[in-house]
Amino acid sequence: MDDLEYGVRNKRGDWAPNDPVQYAPLFLFPTRIKAILKWLPHYFLPWNLIFAASAVAYWAWAIPPMETMRTLGVGWIAWLYAVNAICVFFFFGAFELHLYVLRRQKNRFKYNGKFPSEQKSKAFWFESQNVDNILRTFLSGVTVWTAVEVAMLWAYANGYAPWLSFAERPWTLACVALVVPIIHEFHFFCIHRLIHTPLLYKWVHSVHHNSVNPSPWSSLSMHPVEHLLYFGTAFYHLILPSNPIIMLYQLHYAGFGAIPGHVGFDKVEVGDDRLVDSHAYAHYLHHKFFEVNYGDALIPLDKWFGTWHDGSAEGDARMQERYRKRKEKLAVRKARGDVQEAAK
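Model, not experiment: these values are computed from the prediction.

Undergrad: Explain the pairing of strand S3 (residues 267–270) to me, please; I cannot follow it from the model alone.
TA: Remember that side chains alternate between the two faces of the sheet whenever the strand is regular. As defined by bridge partners, S3 adjoins strand S4 (residues 274–277) across 4 bridges and the pair is classed as antiparallel. Looking at S4, one finds that Val270 is bridged to Arg274. If you look at the hairpin formed by S3 and S4, you'll find 3 residues sitting between the two strands, and Gly271 has a positive phi there, around 75°.

Undergrad: How do you make sense of the packing of helix H2 (residues 47–61) against helix H4 (residues 74–101) when you look at a structure like this?
TA: When two helices pack together, their arrangement is given by the angle between the helix axes and by the axis-to-axis distance. Axis separation between H2 and H4 bottoms out at 13 Å; the angle between their running directions is 150°. Taken together, the axis directions place H2 and H4 in an arrangement best described as roughly antiparallel. The handedness of the crossing between H2 and H4 is right-handed. Between H2 and H4, the contacting residues are Trp47, Phe51, Tyr58 and Trp61 on the first element and Trp79, Val83, Asn84, Cys87, Phe91 and Phe95 on the second. By residue class, the composition of the contact of H2 with H4 is 9 nonpolar, 1 polar and no charged.

Undergrad: Whenever I open this one, the layout of surface pockets confuses me. Can you help?
TA: A volume near 350 Å³ is recorded for the second largest pocket. Lining the second largest pocket are Arg193, His196, Thr197, Pro198, Tyr201, Glu291, Tyr294, Phe305, Thr307, Arg322, Tyr323 and Arg326. Those elements that provide at least two residues to the lining of the second largest pocket are helix H8 (198–209) and helix H14 (313–343). Among the elements that take part in the lining of the second largest pocket, H14 stands out by supplying 3 residues, more than any other. Counted by class, the lining of the second largest pocket contains 5 nonpolar, 3 polar and 4 charged residues.

Undergrad: What exactly am I supposed to notice about helix H10 (residues 244–255) here?
TA: An α-helical turn contains 3.6 residues, so any two residues separated by three or four positions project in the same direction. For H10, built from 12 residues, the straight-helix expectation of 16 Å at 1.5 Å per residue is met to within 8% by its first-to-last C-alpha distance of 16 Å. Those residues of H10 that sit buried are Pro244, Ile245, Ile246, Met247, Leu248, Tyr249, Gln250, Leu251, His252, Tyr253, Ala254 and Gly255. For H10, the capping residue at the N-terminal end is Asn243, with a side-chain oxygen 2.9 Å from the backbone nitrogen of Ile245.

Undergrad: Honestly, the packing of aromatic side chains in this entry has me stumped. Any pointers?
TA: Pairs of aromatic rings are described using the distance from one ring centre to the other and the angle between the two planes. Evaluated as defined, the whole model comprises 29 aromatic pairs. Pairing Tyr100 with Phe265 gives two aromatic rings, centres 5.6 Å apart and planes at 85°, and the pair type is edge-to-face. Pair noted here: Tyr100 is in helix H4 and Phe265 is in the loop between helix H11 (258–262) and S3, with a separation of 165 residues, a long-range link. Centroid distance Tyr249 to Tyr253: 6.4 Å. Interplanar angle 75°. Geometry classified as edge-to-face. With Tyr249 and Tyr253 both in helix H10 and 4 residues apart, the pair spans about one turn of that helix. A relative accessible area of 8% places Tyr249 in the buried class. With relative accessibility at 16%, the residue Tyr253 sits in the buried group. The structure contains a cluster of three or more aromatic residues connected by ring pairs, namely Trp47, Phe91, Phe92, Phe95, Phe138, Trp145, Phe188, Trp217, Tyr230, Phe231 and Phe256. Directly above the aromatic system of Phe115 lies the positively charged group of Arg103, at a separation of 3.9 Å from the ring centroid.

What counts and what doesn't
- Residues numbered from 1 in each chain as written.
- Predicted model: local features only at pLDDT ≥ 70, side-chain atom pairs only at ≥ 80, totals over all residues.
- Heavy atoms only, no water.
- Pairing = 2+ DSSP bridges.
- Helix = DSSP H or I, 4+ residues; strand = E, 2+ residues; numbered from the N terminus.
- Axes fitted to C-alpha atoms, helices over the stretch in contact; angles between N-to-C directions.
- Parallel < 35°, antiparallel > 145°, perpendicular 65-115°, else oblique.
- Left-handed = near helix turned anticlockwise from the far one by under 90°.
- Contact = heavy atoms within 4.5 Å.
- Nonpolar A, V, L, I, M, F, W, Y, C, P; charged D, E, K, R; others polar.
- 1 Å grid on protein atoms, 1.4 Å probe; cavity = no way out; pocket = protein on both sides within 12 Å on 5 of 7 lines; lining within 4 Å.
- Points joined across faces, edges and corners; volume = space filled by probe spheres on them.
- Expected span 1.5 Å × (residues − 1).
- Buried < 20%, exposed > 50% of the residue type's maximum accessible area, 1.4 Å probe, protein only.
- Polar contact = N/O pair within 3.5 Å; in protein donor to acceptor, adjacent residues only side chain to side chain.
- Phe/Tyr/Trp six-rings, centres within 6.5 Å; stacked < 30°, edge-to-face > 60°.
- Lys NZ or Arg CZ within 6 Å of the ring centre and 35° of its normal.

What follows is the structure, encoded as structure tokens:
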């Protein structure tokens, strides 16, 4: 396929889409019903449906009986870790194999024209982004994911979390399931802004941002503290009237859902004539520019807080203007400090 029909490539080989990133019309005002109805299938297909189906499959075939989970035990906890690790290995690995090992698309639709394996850096363990990212994913990412999953399932088994039956409250649970992505977006934006504060960025979030050119294994390559904050999205279901399956959907939306935003390609070629959108450009711009796009363009939180970058020249100008104003404020603050110091 010719990716230049959809975007442009600069002299360095970096590709960018022709059209700027658009927010979902769900929270735009005045409300545009036609736009929402046209966008609605994209709310479900393909990613959200995959994550919801994986939660149902877990419940059917992987989650132990509730009687077992009333008591914490090494056996069933280890089983859940193994299930999570195997699923991450195959799901993340499929993207890595297709796009980065076999390079079936070469660099078509790839935002950064270079591949991480071509660049060594001392920022990573063993100077390898892939090795570093894989180790962090399984040593910390899957471990914290499993710990949160175990805690929530134990809470359900012991009656500490509100558990509604699909047979008795189908519409209530349908509404909760529909807002799972919205819960994730709100939670992600809040904790993302938090870990971009200077102290937490230096000691926690910088681990994730070492992957300036993200690839599939970068998705869950984080500091353990960030993993706990990130997967903490499941804890909302300790308060919400919910169900273990929907809680698993929330977890899978965070865990498996990290892939689309870090795949590094705007579109994934499936066969000879089909493209699947990753919707990754907004988050790629965050990895590129650090202080923009703390959310994922479902809720216009970045627009409301002045940190939105849609990939356009206008978006870049707004970002630079924000940087300029911040530098001016810092310069004024420093000058005042110097004057006070001199006065002493």
